[in-house]
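Structural overview
One letter stands for each residue in the lines below.
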Amino acid sequence: MIGPGTGVRVYLACGVTDMRKGIAGLAALTQDVLRQKPTSGAVFAFRGRRGDRIKLLFWDGQGFCAGICVIYMVL
């Protein structure tokens, strides 16, 4: 897996994000809400409504990489 290098900035969008949004929608949120360039090389994290999913957006120099992480809590 190729990931961001060391010292990369990570931005977390506060509030709830619609997890149906794709790369274009998340890039638009990055510009409008976070006021950052989505192609800056930083990692942008967006939280789902229930708080159990996080979507990540990252520009690797050639295109966007997007992924979703499901968080499980075991009691």
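Everything here concerns the structure above.
Source: prediction; values computed, not measured. Within each chain, residue numbers correspond to sequence positions counted from 1 in written order. Under the rules for a predicted model, residues below a pLDDT of 70 receive no local features and side-chain atom pairs below 80 are neither given nor counted, while totals for whole chains, interfaces and linings still include all residues. Hydrogen atoms and water are omitted, and side-chain values are computed over all heavy atoms in the structure.

**Regarding the pattern of salt bridges**
The term salt bridge refers to a side-chain nitrogen of Lys or Arg lying within 4 Å of a carboxyl oxygen of Asp or Glu. The final tally for this structure, using the stated rule, is two salt bridges. Of the charged contacts in the structure, one is a salt bridge between aspartate 18 and arginine 20, with a shortest N-O distance of 3.0 Å. Working definition: with a 1.4 Å probe on protein chains only, accessible area under 20% of the residue-type maximum means buried, over 50% means exposed, and in between means partly exposed. Using a relative accessible area of 33% as the deciding quantity, one classes aspartate 18 as partly exposed. Note on arginine 20: relative accessible area 74%, which makes it exposed. Aspartate 52 is the salt-bridge partner of arginine 50, the closest N and O atoms lying 3.3 Å from each other. The class of arginine 50 is exposed, set by a relative accessible area of 56%.

**Re the pairing of strand E3 (residues 53-59)**
Two elements, strand E2 (residues 43-47) and E3, share five bridges in a ladder whose sense is antiparallel. Counterpart to alanine 45 in the pairing with E3 is leucine 56. Two successive antiparallel strands, E2 and E3, enclose a turn made up of five residues, where glycine 51 displays a positive phi of approximately 80°. We call two strands paired when DSSP finds no fewer than two bridges between them. Only runs of H or I of at least four residues qualify as helices and only runs of E of at least two qualify as strands under DSSP, and these elements are numbered from the N terminus. The sheet contact formed by E3 and strand E4 (residues 64-70) spans seven bridges and is antiparallel. The partner of phenylalanine 58 across the bridge, within E4, is cysteine 65. In this structure, the hairpin formed by E3 and E4 is closed by a connection of four residues, where glycine 61 is found at a positive phi of approximately 105°.

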